[in-house]
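The residues making up each chain are set out below.
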Amino acid sequence: MNYIYSKNYDTFCFQNCINYILQLNSIENSEFYINKSMSMNIKKSSDSKLDYHFSYACYDVVPQFMNNVKTKYSTEKPYDVLMNIIMDKNNSTEIILGVDSYYLPYLPYYKKSHGLHSVVFKHISDDKQKIFIADKMAPWMFEGYVDLEEFLQSRKSENNDDGGMFSDIPVKNRWKEVSLLNWNGELEELVNQQILLSIKQYYDAEEDTEEARGIGALVYMTDYLKRFNEMNDVEKEQLLVGMHKVIYRLNHRRRFWFDFVEKIPARQVTATLNEYRNEIIEIDKMSEELLYHILMLKFKRSSKFLNDLIDRFYNLFENEKKNGEKLIQYEREKN
């Protein structure tokens with residue numbers, strides 16, 4: 001069976017590996033187990049460096065099936081860890097290995113930039129000099145052998161911060177064990193779970209004293225921009241670099257979510273849901289333009305560019321809020 005890849009998995013390599021495993025093992029409705037729900041959280045701080053992340057539940061599968069995907073780490077020697085993983089693996093489990101893309105020769109980042117990445121383990125050569133992996137991300141769509149010694153470098157890497165989006169996250173020999181058993185969810189319930197998660201995490205997120213959550217993160221960044229002229233040059237640069245990263249990641253998350261919404265079965269689609277998903281496309285265009293205007297202010301500091309950026313952040317928030325109300329309405333219509 002050939003893997004059906006979607007470009008919307010770009011930057012979501014762990015989920016792509018899980019989907020690859022479920023598809024190739026003929027798990028019914030595999031796409032709907034992957035957690036694609038909307039999310040964005042920013043830690044509240046007086047520091048202009050934006051510490052952001054998605055909600056904890058967003059990195060693997062829907063919460064009901066999180067026990068089917070176990071994440072593990074080890075401080076032991078990479079070779080020993082890998083050999084133990086291989087020895088413990090059984091026919092009802094597949095393995096995803098965390099790596100630093102800097103050490104993988106088939107990637108364009110090889111010896112150029114660091115970044116946390118993930119691949120599916122297939123097998124190891126008889127002489128234990130090479131490891132066979134699958135990395136089904138575009139454009140490389142790799143499946144083949146990699147030198148084991150170099151691969152082990154990627155497993156123990158500190159993933160040094162070089163400015164890359166996924167650098168500065170130590171690999172720590174991380175791996176995931178994906179069970180091939182008990183994927184028995186009802187399609188309608190899987191859809192409902194993700195819609196409720198997106199409402200709870202993003203469109204109608206509870207206020208928190210420590211984090212700006214969901215669309216509230218857009219308000220948080222807008223408020224920071226209003227204090228832009230009070231900052232020194234280092235703080236301004238740090239804020240704009242952080243904003244660019246947040247919006248870049250948010251845009252990819254929205255496309256990932258759209259990938260899910262677009263695949264909701266026709267029997268669950270209403271006029272309200274159609275309006276909602278059509279508006280996602282327009283919001284994505286607006287949010288993509290925002291990246292360009294962040295860079296404009298980064299390279300040329302002017303009141304005109306600053307005020308324009310503040311307005312664009314506010315408009316993005318308003319449009320996300322209004323569209324979120326459509327999703328909430330859709331959820332109510334079903335009940």
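So, a few notes on the structure that sits alongside this text. (Residues numbered from 1 in each chain as written. Predicted model: local features only at pLDDT ≥ 70, side-chain atom pairs only at ≥ 80, totals over all residues. Heavy atoms only, no water.)

Thoughts on the pattern of salt bridges
Now for step 1: Enumeration according to the criterion identifies 20 salt bridges in this entry.
Now for step 2: Its salt-bridge partner being Glu-177, residue Lys-72 comes within 3.3 Å of it at the nearest N-O pair. Placement of the pair is Lys-72 in strand β3 (residues 69-72) and Glu-177 in strand β8 (residues 175-179), with a sequence separation of 105 residues.
Now for step 3: Judged by its relative accessible area of 31%, Lys-72 falls in the partly exposed class.
Now for step 4: For Lys-298, the salt bridge is made with Glu-237, and the minimal N-O distance between the two is 3.0 Å. Linking Lys-298 in helix α7 (residues 271-299) with Glu-237 in helix α6 (residues 233-262), this pair joins segments that are 61 residues apart in sequence.
Now for step 5: Here the residues in one salt-bridge network are Arg-254, Arg-255, Asp-284, Glu-288 and Glu-320, joined through shared partners. (Salt bridge = Lys/Arg side-chain N within 4 Å of Asp/Glu carboxyl O. Helix = DSSP H or I, 4+ residues; strand = E, 2+ residues; numbered from the N terminus. Buried < 20%, exposed > 50% of the residue type's maximum accessible area, 1.4 Å probe, protein only.)

Focus on the packing of α6 against α7
Now for step 1: One can describe the packing of α6 onto α7 by two numbers: an axis separation of 10 Å at closest approach and a directional angle of 160 degrees. By the criterion of interaxial angle, the relationship of α6 to α7 is roughly antiparallel. Crossing angle aside, the handedness with which α6 passes α7 is left-handed.
Now for step 2: When the residues that make up the contact of α6 with α7 are grouped by side-chain class, the tally is 18 nonpolar, three polar and eight charged. (Axes fitted to C-alpha atoms, helices over the stretch in contact; angles between N-to-C directions. Parallel < 35°, antiparallel > 145°, perpendicular 65-115°, else oblique. Left-handed = near helix turned anticlockwise from the far one by under 90°. Nonpolar A, V, L, I, M, F, W, Y, C, P; charged D, E, K, R; others polar.)

Section: the sheet that holds β3
Now for step 1: Here we have six strands laid out as an open sheet, ordered β3-β8-β4-β5-β6-β7, and antiparallel in their pairing. Of all strands in the sheet, those with a lone pairing partner are β3 and β7 (142-147), marking the two edges. Taking the axes of each pair of neighbouring strands and ignoring which way they run, one obtains an average angle of 35 degrees across the sheet.
Now for step 2: Sheet topology places strand β4 (residues 93-100) next to strand β5 (residues 116-124); five bridges connect them, and they run antiparallel. Residue pairing for β5: Gly-98 is matched across the bridge by Ser-118.
Now for step 3: Helix α3 (residues 148-156) contacts β4, β5, β6 (130-135), β7 and β8 of the sheet and is inclined by roughly 80 degrees relative to β4. (Pairing = 2+ DSSP bridges. Contact = heavy atoms within 4.5 Å.)

Focus on the packing of α6 against helix α8 (residues 303-334)
Now for step 1: In the contact formed by α6 and α8, the axes pass within 14 Å of each other and the chain directions differ by 25 degrees. Considering their axes alone, α6 and α8 lie roughly parallel with respect to each other. Crossing geometry of α6 relative to α8 is assigned as left-handed. Residues Leu-240, Met-243, Ile-247, Arg-254 and Trp-257 of α6 lie in contact with α8, whose contacting residues are Leu-309, Phe-313, Leu-316, Glu-320 and Leu-327.
Now for step 2: Of the residues belonging to the contact of α6 with α8, the class tally is eight nonpolar, no polar and two charged.

Notes on the packing of aromatic side chains
Now for step 1: As enumerated under the stated definition, the model contains 18 aromatic pairs in all.
Now for step 2: Pairing Phe-12 with Phe-256 gives two aromatic rings, centres 4.3 Å apart and planes at 5 degrees, and the pair type is stacked. In this pair, Phe-12 sits in the segment before α1 (13-24) while Phe-256 sits in helix α6, placing the two residues 244 residues apart along the sequence.
Now for step 3: Judged by relative accessible area, Phe-12 falls into the buried class, the value being 3%.
Now for step 4: Both rings, one in Phe-132 and one in Tyr-145, keep their centres 5.0 Å apart while their planes meet at 85 degrees; by these two values the pair is edge-to-face. On the criterion of sequence distance, the pair formed by Phe-132 in strand β6 and Tyr-145 in strand β7 is long-range, its members being 13 residues apart.
Now for step 5: Tyr-145 gets classed as partly exposed once you look at its relative accessible area, which sits at 38%. (Phe/Tyr/Trp six-rings, centres within 6.5 Å; stacked < 30°, edge-to-face > 60°.)

Notes on the sheet that holds strand β9 (residues 211-213)
Now for step 1: Taken in spatial order, the three strands line up as β2-β1-β9 in an open sheet, and their pairing is antiparallel. Of all strands in the sheet, those bounded by a partner on one side alone are β2 (52-53) and β9.
Now for step 2: Taken together, the three bridges between strand β1 (residues 41-43) and β9 define a ladder with antiparallel strand orientation. When the bridges of β9 are listed, Asn-41 appears paired with Arg-213.
Now for step 3: The sheet strands contacting helix α5 (residues 216-226) are β1 and β9, and the helix crosses β9 at an angle near 120 degrees.

Some points on the nonpolar core
Now for step 1: Of all hydrophobic cores here, the largest spans 77 residues; its most connected members are Leu-225, Met-243, Trp-257 and Phe-313.
Now for step 2: The set of elements that each furnish at least two residues to this core consists of α1, α4 (187-203), α5, α6, α7 and α8.
Now for step 3: Looking at this core, the element that brings in the most residues is α6, giving 11 residues.
Now for step 4: Apart from the residues lying within four places of it in its own chain, the contact partners of Met-243 are Leu-50, Met-221, Tyr-224, Leu-225, Ile-294 and Phe-313.
Now for step 5: Counting 24 residues, the second-largest nonpolar core is a separate cluster that includes Val-81, Leu-104, Val-146 and Phe-151. (Core = buried A, V, L, I, M, F, W, Y, C linked by side-chain atoms within 4.5 Å.)

So yeah, pure geometry; function would need other evidence.
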